[in-house]
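Residue-level structural notes
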2 protein chains.
Amino acid sequence: MNGAQSLIRTLVDSGVEVCFANPGTSEMHFVAALDAVPEMRGVLALFEGVVTGAADGYARMADRPAATLLHLGPGMANGMANLHNARRAHTPMINVIGDHALYHKGFDALLESDIDALNGWTHGWNRTSTDTAAVGGDAAEAVAAAMTAPGRIANLVLPADVSWGDGGVAAAPVAPPAASTVDAERVADIAAVVGSGESTVVLLGAGVTRERGLLAASRIAAATGVKVFVETFPARLERGVGLPNIDRLGYLAEQVQWQLTDVKHLVLVGAKAPVSFFAYPGKVSDLTPEGCRVHTLAALGEDTADALDQLAAVVAADTEPVLQQPSRPELPVGELTPQNWALVLGALLPEGAIISDEANTSGLMIPMTTAGTPRHDLLTLTGGAIGQGLPVGVGAAVACPDRPVICLQSDGSAMYTISALWTMARENLNVTTIVLNNRAYAILRMELMRVGAEGAGPVANSLLDLAKPDLDFVKIAEGMGVPATRATTAEELAEQFSRALAEPGPHLIEAMVPSLI
Amino acid sequence: MNGAQSLIRTLVDSGVEVCFANPGTSEMHFVAALDAVPEMRGVLALFEGVVTGAADGYARMADRPAATLLHLGPGMANGMANLHNARRAHTPMINVIGDHALYHKGFDALLESDIDALNGWTHGWNRTSTDTAAVGGDAAEAVAAAMTAPGRIANLVLPADVSWGDGGVAAAPVAPPAASTVDAERVADIAAVVGSGESTVVLLGAGVTRERGLLAASRIAAATGVKVFVETFPARLERGVGLPNIDRLGYLAEQVQWQLTDVKHLVLVGAKAPVSFFAYPGKVSDLTPEGCRVHTLAALGEDTADALDQLAAVVAADTEPVLQQPSRPELPVGELTPQNWALVLGALLPEGAIISDEANTSGLMIPMTTAGTPRHDLLTLTGGAIGQGLPVGVGAAVACPDRPVICLQSDGSAMYTISALWTMARENLNVTTIVLNNRAYAILRMELMRVGAEGAGPVANSLLDLAKPDLDFVKIAEGMGVPATRATTAEELAEQFSRALAEPGPHLIEAMVPSLI
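Residues numbered from 1 in each chain as written. Chains lettered and ligands numbered in written order. Predicted model: local features only at pLDDT ≥ 70, side-chain atom pairs only at ≥ 80, totals over all residues. Heavy atoms only, no water.

Quick word on the interface of chain B and chain A
Each partner contributes to the interface: chain B provides 99 residues, whereas chain A provides 99 residues. For the pairing of chain B and chain A, the buried interface totals around 8,100 Å² over both sides, and the portion due to carbon and sulfur atoms is 67%. Three residues stand out in chain B for area buried against chain A, namely Leu110(B), Trp121(B) and Leu463(B), and they jointly supply 9% of the buried area on that side. Summed over the shared surface of chain B and chain A, the number is six salt bridges. Its salt-bridge partner being Asp108(B), residue Arg88(A) comes within 2.8 Å of it at the nearest N-O pair. The interface formed by chain B and chain A contains 47 residue pairs in polar contact (both at pLDDT 80 or more). (Contact = heavy atoms within 4.5 Å. Buried area = accessible area lost by both parts, 1.4 Å probe. Salt bridge = Lys/Arg side-chain N within 4 Å of Asp/Glu carboxyl O. Polar contact = N/O pair within 3.5 Å; in protein donor to acceptor, adjacent residues only side chain to side chain.)

Below, the structure written as structure tokens:
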């Protein structure tokens with residue numbers, strides 16, 4: 001057994017059964033070893049940003065990590081923006097980064113670079129395998145590191161000679177350490193806060209934006225009168241009929257300030273106190289209201305869901321959660337608008353849908369129009385690095401082949417990782433992509449005003465304009481093997497969306513939605 | 001004058017007149033400032049890998065740097081693979097990396113990341129502007145740093161509050177230090193080597209792959225009988241009728257070993273001694289023959305062209321260079337092959353063409369079929385990180401609007417930065433892209449065999465296959481506003497190529513060329 005075979009065997013034995021890959025020469029032994037370990041599914045992507053984004057989406061839905069295969073430093077670099085998003089999502093992931101043979105590195109061949117510097121940027125676990133016999137053990141530790149609460153990125157550098165060397169040994173799985181449990185004393189302290197009668201907000205983050213956490217939070221709110229919010233960009237939010245419907249904090253600082261008006265206590269559960277997404281001249285960065293005290297029920301790395309259950313047991317033992325009742329919008333008619341396309345979504349969203357939301361300014365209405373739809377998952381842009389939506393949709397579809405995946409995708413952001421469409425076609429994934437084509441970086445038009453940039457004229461505005469030439473997403477999708485249609489009215493969107501959902505495999509709908517601004 | 005305005009004004013005064021940009025909120029004041037300094041041309045790209053690759057192509061042709069505008073760490077990350085190529089090309093470039101306001105960084109807002117780690121990866125000059133009044137001076141120093149021989153990447157981090165702050169001061173240009181001159185003693189030592197009568201190769205790299213260096217090298221070869229090669233991947237090689245035709249070292253180690261058979265002396269001029277591109281089991285990494293002595297006439301950072309002229313003056317004072325005579329292939333007929341498409345190129349290549357070559361396995365015949373064509377420039381994949389070809393073509397066309405740019409682009413590599421096509425359309429650039437669609441990562445099929453990976457079966461081979469589904473580059477190009485056609489025969493390619501060259505603006509030809517292997 002060579003090093004590559006021992007690595008893949010160990011990953012499979014540790015529960016890692018998918019590898020999103022964009023390999024090169026230094027990874028050829030890894031690629032060849034896939035034939036020796038058929039339990040590992042290799043999924044090819046045409047760009048590393050798709051690879052890492054797909055691994056992120058997969059883990060968010062599968063609750064276990066995928067592996068990636070990346071080609072030396074430049075391949076790693078291409079995947080890093082979506083690693084940034086995955087880091088912010090606390091997604092477990094094992095990156096296998098092929099490198100030159102150890103004896104070759106000193107020659108500074110053209111593709112040589114400082115991979116350690118790139119690994120460090122992901123703030124996770126890093127190791128270079130330097131011995132074929134140890135590769136299996138390194139892989140088992142990488143999985144455990146990735147699965148350590150709240151989840152993180154594990155980078156395993158695999159030099160080519162370590163990969164091709166003989167003497168690989170598959171290692172037994174290593175159990176990640178259990179998340180530490182919050183003690184009763186802290187729970188009692190927070191119970192006193194939420195029971196104080198003073199205006200209090202509980203903010204839900206990692207580990208408590210799914211059914212268990214939402215139910216506990218809803219009971220706490222019902223019993224004590226506190227308000228509950230979900231952090232602005234949760235990795236995975238369970239929503240829909242039969243679940244508590246808990247609003248997210250807004251993207252704009254003004255929204256958050258309104259949501260937190262006069263709040264005296266902010267209780268964090270796997271979340272950080274809110275800050276402005278960007279700085280703006282003359283505006284504050286820290287969005288915690290003046291005089292508001294910040295308390296932590298459970299920090300990242302602690303068992304947040306258990307802590308919330310404990311709190312509910314103390315303050316809401318006999319209280320039922322408030323559950324969302326069915327409520328769908330009517331199907332609208334007429335030309336598409338930034339509002340009505342989301343009504344179509346709400347009217348037709350299928351049971352069990354997984355939404356990858358990178359609709360940006362076009363998506364402001366989604367939370368409202370989909371609140372009363374059948375139960376679904378929402379995956380958001382966790383790190384703010386655009387180009388996440390389509391790759392995350394790929395990964396979610398690989399993780400959940402029986403569920404409909406819906407990518408809500410703004411036009412500008414789509415172009416960063418557009419080749420994800422090809423992987424959808426190659427793997428025949430059940431992904432329906434709705435591209436909201438408003439022919440602009442509309443969010444930047446808004447931000448250009450918000451930052452108070454004076455003197456912006458035709459040159460500045462032209463740099464935010466995607467209409468010269470227009471992008472034709474129908475042709476782009478067809479060029480990558482994905483059937484596509486264009487909708488300019490709500491009726492067309494409804495008809496095309498229904499048809500796409502009814503047919504297996506990927507589809508793309510280009511929705512010609514005017515820009516909000 | 002705010003910081004952004006002082007920055008742009010200083011760049012323009014220092015000779016930097018193009019900024020390739022993919023901005024975000026933290027860069028909005030920079031974008032707005034473009035209206036205040038109309039001498040700076042802002043060129044929008046839809047992905048940062050296009051931005052950095054275009055800046056690379058621009059500088060290779062303009063002999064002065066472009067600026068880029070990148071959005072925080074993730075935006076920088078997206079551009080890094082082509083920064084790697086630019087680093088290997090010794091391309092001068094000024095990256096303006098927008099960052100959060102200094103007072104905002106401590107809040108760890110979602111897009112916060114360790115930009116310093118990314119900057120370090122480029123092995124260039126790095127600075128963060130921390131004071132609005134100093135931004136202009138920082139920019140002038142950045143340009144000087146980028147222009148310091150042999151050329152390098154200068155990363156200037158621009159926090160948003162430093163950008164929007166008042167009190168910016170445009171700075172006067174700073175002259176880069178002159179490259180150090182090689183002294184007569186070293187020239188005499190090398191003259192003794194090339195005059196020794198022993199088998200000698202002179203290897204040309206940075207600064208000596210254009211007319212001046214090639215003429216000197218040809219005279220030296222003619223006078224002394226030494227062989228001359230150009231390094232495998234020169235940043236810019238001038239070729240064609242009236243210039244010496246000097247072969248490049250091969251990509252494969254076996255080729256280089258054949259080219260250097262029995263060589264006793266290797267003389268480096270702005271180049272490094274050749275090493276294998278990758279390591280292969282049982283094969284050597286160092287391609288300098290055993291017993292061959294390595295001499296350096298001029299190292300990187302020294303005035304390589306002057307050193308070669310000095311050497312020519314000593315050993316070849318009365319010798320004329322050997323110049324390429326006109327010689328074009330006949331136009332071939334029949335189905336396209338990996339060979340005959342390059343004959344079409346050689347038969348029709350226009351005067352003054354700039355070739356951006358990322359044809360990879362499909363491009364093996366290009367050096368032979370184009371040697372006797374009119375004078376042209378060849379820009380190669382300097383760092384081995386694929387996805388360079390189309391962006392470099394964008395930059396070359398911006399630098400040289402009156403010359404025809406021809407991108408020879410393999411299919412797999414094209415998909416990394418495919419949105420470069422949109423920028424070609426937006427700027428109406430005279431770029432003709434020939435995509436060699438062989439429906440595979442053909443180079444990896446070859447490398448899978450060359451690395452001796454055993455056990456590779458259908459799974460491994462499927463990861464090198466781009467045919468399920470087929471990529472339709474005609475539709476993809478049209479979707480981005482570039483007129484496109486498909487050629488399956490040599491006649492069609494010739495007709496379409498002639499037509500594309502005759503019409504202004506961008507065109508794409510999808511050439512259906514079978515895979516070599």
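Some details on the environment of Leu214(A)
Residue and element names in this part refer to chain A. Mapped onto the fold, Leu214 is located in helix H10 (residues 211–224). Since its relative accessible area comes to 0%, Leu214 is described here as buried. Along the backbone, Leu214 and Leu243 are 29 residues apart, and their C-alpha atoms lie at a distance of 7.4 Å. The residues touching Leu214, leaving out its near neighbours within four places in the chain, are Leu204, Val208, Thr209, Val230, Leu237, Glu238, Pro244 and Ile246. (Helix = DSSP H or I, 4+ residues; strand = E, 2+ residues; numbered from the N terminus. Buried < 20%, exposed > 50% of the residue type's maximum accessible area, 1.4 Å probe, protein only.)

Side note on the sheet that holds strand E10 (residues 265–269) of chain A
Residues and elements named next belong to chain A. Spatially, E8-E7-E10-E11 is the arrangement adopted by the four strands of the open sheet, whose pairing is parallel. At either end of the open sheet lies a strand with only one pairing partner, and these are strand E8 (227–230) and strand E11 (293–298). Averaged over all pairs of adjacent strands, the angle between their axes in this sheet comes to 25°, without regard to strand direction. With respect to the sheet, helix H9 (residues 184–194) is in contact with strand E7 (200–204), E10 and E11, its orientation differing from that of E11 by roughly 135°. (Pairing = 2+ DSSP bridges. Axes fitted to C-alpha atoms, helices over the stretch in contact; angles between N-to-C directions.)

Observations regarding helix H18 (residues 442–450) of chain B
For H18(B), the set of buried residues is Ala442(B), Leu444(B), Met446(B), Glu447(B), Leu448(B) and Arg450(B). Of the residues trailing H18(B), Gly452(B) is marked for its positive phi of about 70°.

What to know about the packing of aromatic side chains
Summed over the entire model, instances satisfying the criterion amount to 13 aromatic pairs over all chains. Aromatic pair Phe47(A) and Phe47(B): ring centres 5.5 Å apart, planes at 85°, arrangement edge-to-face. Of the two residues, Phe47(A) is situated in the loop between strand E2 (41–44) and helix H3 (48–62) and Phe47(B) in the loop between strand E2 (41–44) and helix H3 (48–62); the pairing between them involves two chains. Pairwise contacts between aromatic rings join Phe47(A), Tyr416(A), Phe47(B) and Tyr416(B) into one cluster. Here the basic side chain of Arg450(A) rests over the ring of Tyr280(A), its NZ or CZ set 4.3 Å away from the ring centre. Sitting above the plane of the Tyr280(B) ring, Lys283(B) keeps its charged end 5.6 Å from the centroid. (Phe/Tyr/Trp six-rings, centres within 6.5 Å; stacked < 30°, edge-to-face > 60°. Lys NZ or Arg CZ within 6 Å of the ring centre and 35° of its normal.)

Brief notes about unusual backbone geometry
All names here are of chain A. The omega torsion of the bond from Ala149 to Pro150 falls at 5°, within 30 degrees of zero and hence cis. Position of Pro150 among the secondary structure elements: in the loop between helix H7 (135–147) and strand E6 (153–159). Within the chain, His123 stands out as a residue other than glycine whose phi angle is a positive 55°. Within the secondary structure, His123 sits in the loop between helix H6 (115–121) and strand E5 (125–128). Of note in this structure, Asp262 is not a glycine but carries a positive phi near 65°. Relative to the helices and strands, Asp262 is located in the loop between helix H11 (253–259) and E10. According to the relative accessible area criterion, Asp262 is exposed, its value standing at 58%.

Regarding the sheet that holds strand E13 (residues 376–379) of chain B
Pairing between the strands of a sheet is mediated by backbone hydrogen bonds and can be parallel or antiparallel. All names here are of chain B. With respect to topology, seven strands assemble into an open sheet ordered E9-E13-E12-E14-E15-E17-E16, the strand pairing being mixed. Single-partner strands in this sheet number two, and they are strand E9 (237–239) and strand E16 (484–487). Shown here is a sheet whose adjacent strand axes are inclined to one another by a mean of 20°, direction ignored. As paired elements, E9 and E13 share three bridges and run antiparallel to each other.

Some points on the relation of the copies chain B and chain A
Mapping chain B onto chain A calls for a rotation angle of 180° and an axial translation of 0.0 Å; the resulting RMSD is 0.0 Å. The two molecules are tied by a two-fold rotation axis, judged by turn and shift. Among all C-alpha atoms of chain B, that of Ile476(B) lies closest to the rotation axis, at 2.2 Å. By residue overlap, the copies meet face to face through one surface: 100% of the interface positions of chain B are interface positions in chain A. (Least-squares fit on C-alpha atoms with pLDDT ≥ 70 in both.)

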